[in-house]
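An overview of the molecular structure
As a plain string of letters, each chain reads:
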Amino acid sequence: MIVKKYYAITAAVLCVLILVSAPAAAQVNIHELNGSDLGMGVGARSIAMSGAFTALADDASALYWNPAGITQLERTEAMMMMDVNPTRYSYKALVLRPKKWKESDANWAFGIGRTNRLKYIADGDWSQGNASHLIDLSMINVERTYVGGLNSRTKDWRFTLAGNLPTHPNLKIGATYIDFKCVTTFYGAGAGRICQTVAYDTMDFGLLYQDREDMRLGLSFRNPLEDSKPRYINLGAAWFRGRDTFTLDFERIFGNYSGSLRQVRFFMIRSGVERDLQNGWKVRGGLVIPLQAWTSTLGNIRDNLPSPGFGGSVGAGYTWNDTTLDFAVYGDPGKSYVQNKKKFASVFTLRQKF
C-alpha cells in the first residue's frame, strides 16, 4: 500500500536536537538505529570535516553533498561506506570518468549511488520521551499514542549527471535524480497492521566555480521542487594552502515536514580542515555550529543548547596506490537524542580508483 506522507527532518536538525535537555528518556527498546539522515551525511572523509564539503566535493560522496563535484574526480571511482556491520549505515557509489569524457569540452561525469537514509528497529511505548519525535519526524502513518514494534527501512537511489558549461569552463553544474522508498512493518503489540510503503521522486542541484588554484566556491540546493519537504541551501568555500585544505559551509534549512506540515528554520555553520601528512596519510577535523534552530513542534531549540553549543568530528585517511581507507569518529545524533545520553559512532569508507 502506498501511503502519502512526508519527508523527515534530516541530519542537521537531529544534530541540534540531541543537544537539547530532555525531561524523559526513551520509552522504547532500540534494537537498531542508523542511517545518513540520523548522522552526519555520507563518506568518512566529509563526515570527519563535519559536512563542510559543498565546495570540496572531490570524491564519490559528492553525489550526496554537491552533484557538480563529481567533475573534480580525476578518474573513475567506487566508494563503499560502512560501520562495524557492512549492512548498516551504508553508502555505495560509482562515478564514471572515462578519459574521453574528461577531455571533452563538457567535461562529463556520471554517478550512481545507493544510500541507507534511515533504519530503525524498536518496540515499546512511542508516546513518551524522546523517541516520540521519531514518529513525529518520520513518514510512518501511526497515531502518536502508538504502542508496539516498528521495523522501518528508508533507502534511495541517486543518479547524477554533471559537467562544464562549454562557454564557461570554470563553472561546473550537476543534477541528481533521487528515487526514494521507505518500507515499514509492524510487530509485537502492533502486529497485524498492513506494511506501509512510501515512494517518491525528487531532485538535487549543485554548482562549483573556480577561477584560481587556491580557492573554490560551491552551492547546492536540495529538494527545491518539493513543497511538502524541507529545503536545503548550502553555500561553501574551500581554500588550498600547501598541505592544508580549509572548508567553510553555510547551511540554511527551511520548509515543511511531517504529515501535519510543521515548519522548520535552521541556520548552521560547518567548518573543516584536512592536512596532508605525506607518506599517504591525511588527518581531518571539523565543527558544526547552529546559529538558528527552530521547529513549530519544539520552538526555539537554540536557547536550550548547553555549553559549548556546538558539535565536532575527527578522522584520518590513508592512500596506497589507487586505494584509500578513510575513518571518522563523531557524536551519533540519532542515538544520543533518542536515548538521552551522549553516544559516539565511527564509520569507515573504502575508495577505489580505476
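Conventions and cut-offs
Residues numbered from 1 in each chain as written. Predicted model: local features only at pLDDT ≥ 70, side-chain atom pairs only at ≥ 80, totals over all residues. Heavy atoms only, no water. Helix = DSSP H or I, 4+ residues; strand = E, 2+ residues; numbered from the N terminus. Buried < 20%, exposed > 50% of the residue type's maximum accessible area, 1.4 Å probe, protein only. Polar contact = N/O pair within 3.5 Å; in protein donor to acceptor, adjacent residues only side chain to side chain. Pairing = 2+ DSSP bridges.

**Some thoughts on the side chain of arginine 351**
Looking at where arginine 351 falls in the secondary structure, it is placed in strand 16 (residues 344–353). Residue classification places arginine 351 among the buried positions, given a relative accessible area of 10%. A polar contact is formed between the side chain of arginine 351 and the side chain of aspartate 326, at a distance of 2.9 Å.

**Focus on the pairing of strand 16**
When strand 2 (residues 77–82) meets strand 16, the two strands line up antiparallel, connected through six bridges. Counterpart to methionine 82 in the pairing with strand 16 is phenylalanine 348. By the bridge criterion, nine bridges tie strand 15 (residues 323–331) to strand 16 in an arrangement that is antiparallel. Each bridged residue has a counterpart across the sheet, and for leucine 325 the counterpart in strand 16 is leucine 350.

**Side note on the pairing of strand 12 (residues 281–295)**
Bridge count for strand 11 (residues 262–278) against strand 12 is 14 bridges, and the pairing is antiparallel. Bridged to aspartate 276 within strand 12 is lysine 282. Joining the antiparallel neighbours strand 11 and strand 12 is a turn of two residues, in which asparagine 279 adopts a positive phi near 55 degrees. By the bridge criterion, eight bridges tie strand 12 to strand 14 (residues 311–320) in an arrangement that is antiparallel. The residue bridging arginine 284 from the neighbouring strand is glycine 315, located in strand 14. In this sheet, strand 13 (residues 299–300) lies alongside strand 12 in antiparallel orientation, the contact comprising two bridges. Residue pairing across strands places tryptophan 294 opposite asparagine 300, the latter belonging to strand 13.

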